[in-house]
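Spelled out from the first residue to the last, the chains are:
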Amino acid sequence: MRVARASRSWASSRRRAAVALRTERPGLPVLVLSQYVQRSYAAELLADGDGAVGYLLKDRVGHVEEFLDAVDTVASGGTVVDPEVVRRLLSRRRDPLERLTPREREVLELMARGCSNAEICRRLVVSEAAVAKHIGNILLKLDLPPAEDTHRRVLAVLAFLGGDEPR
């Protein structure tokens, strides 16, 4: 089993590498620890059905023993998937904007109008920390984790303007 770690800015290339390794060497044990559920990536990683694969969320791995059990399961050809990943994979495809609160939709609308965070604060009469928190929630709910090759704020605005899934 190969273990790879890198900075968060390399997340998208690590995801591509894991899928490429599985394509080149079917059955190669791969255990992904992610901060986010990325439906398309998780589906692609699990699609071959060959086993020896895992997708766990970092913040939900509560004990070292659980993690070591997952490593052993994947190394021996089994599959380990975080229940939240399963839920997200099986959930009916809906408009991702439906997940936003009314306030998050207001913030996103102002982003779409080209407002800076400071202008959003002024218009909504909230603190800059509140705006930053709303934007973080918007990006999370729209499945837009940090990636070196995309601008998440632009993708969120495009989702708002088109009503389509951002990815």
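Residues numbered from 1 in each chain as written. Predicted model: local features only at pLDDT ≥ 70, side-chain atom pairs only at ≥ 80, totals over all residues. Heavy atoms only, no water.

With four of five residues buried, strand β1 (residues 30-34) lies mostly within the body of the structure. Of the strand pairs in this sheet, β1 and strand β2 (residues 53-57) are connected by five bridges, and their pairing is parallel. Each residue of the ladder has a partner; that of Val 30, found in β2, is Val 53. Between the parallel elements β1 and β2, the chain passes through helix α2 (residues 39-46) in a crossover that is right-handed. (Buried < 20%, exposed > 50% of the residue type's maximum accessible area, 1.4 Å probe, protein only. Helix = DSSP H or I, 4+ residues; strand = E, 2+ residues; numbered from the N terminus. Pairing = 2+ DSSP bridges. Right-handed = clockwise from strand over helix to strand, strands pointing away.)

Orientation of helix α7 (residues 128-141) relative to helix α8 (residues 152-162), taken along the N-to-C sense of each, is 70 degrees, at an axis distance of 10 Å. In terms of orientation, α7 and α8 fall into the roughly perpendicular class. The hand of the α7/α8 crossing is left-handed. Seen from α7, the contacting residues are Ile 135, Ile 138 and Leu 139; seen from α8, they are Arg 152, Arg 153 and Ala 156. Residues that form the contact of α7 with α8 fall into these classes: four nonpolar, no polar and two charged. (Axes fitted to C-alpha atoms, helices over the stretch in contact; angles between N-to-C directions. Parallel < 35°, antiparallel > 145°, perpendicular 65-115°, else oblique. Left-handed = near helix turned anticlockwise from the far one by under 90°. Contact = heavy atoms within 4.5 Å. Nonpolar A, V, L, I, M, F, W, Y, C, P; charged D, E, K, R; others polar.)

What follows concerns the confidence of the model for the protein chain. Averaged over the protein chain, the pLDDT score is 82; the fraction of residues at 70 or greater is 87%. Per-element confidence in the protein chain ranges from a low mean pLDDT of 77 for helix α1 (residues 11-24) to a high of 96 for helix α6 (residues 117-124). Low pLDDT (under 50) marks residues 4-9, which in the prediction has seven contacts with non-local residues, meaning those over four places away or in another chain. (pLDDT = per-residue confidence, 0-100.)

Spatially, the three strands line up as an open sheet ordered β1-β2-β3, and their pairing is parallel. Looking at the sheet topology across the chains shown, the edges are occupied by β1 and β3 (79-81). Going from strand to strand, the sheet's axes swing by 15 degrees on average, the running direction of each strand aside. Bridging between β2 and β3 involves three bridges; their strand directions are parallel. Within β3, the residue paired with Gly 54 across the bridge is Val 80. Relative to the sheet, helix α3 (residues 64-75) contacts β1, β2 and β3, its axis offset from that of β1 by approximately 145 degrees.

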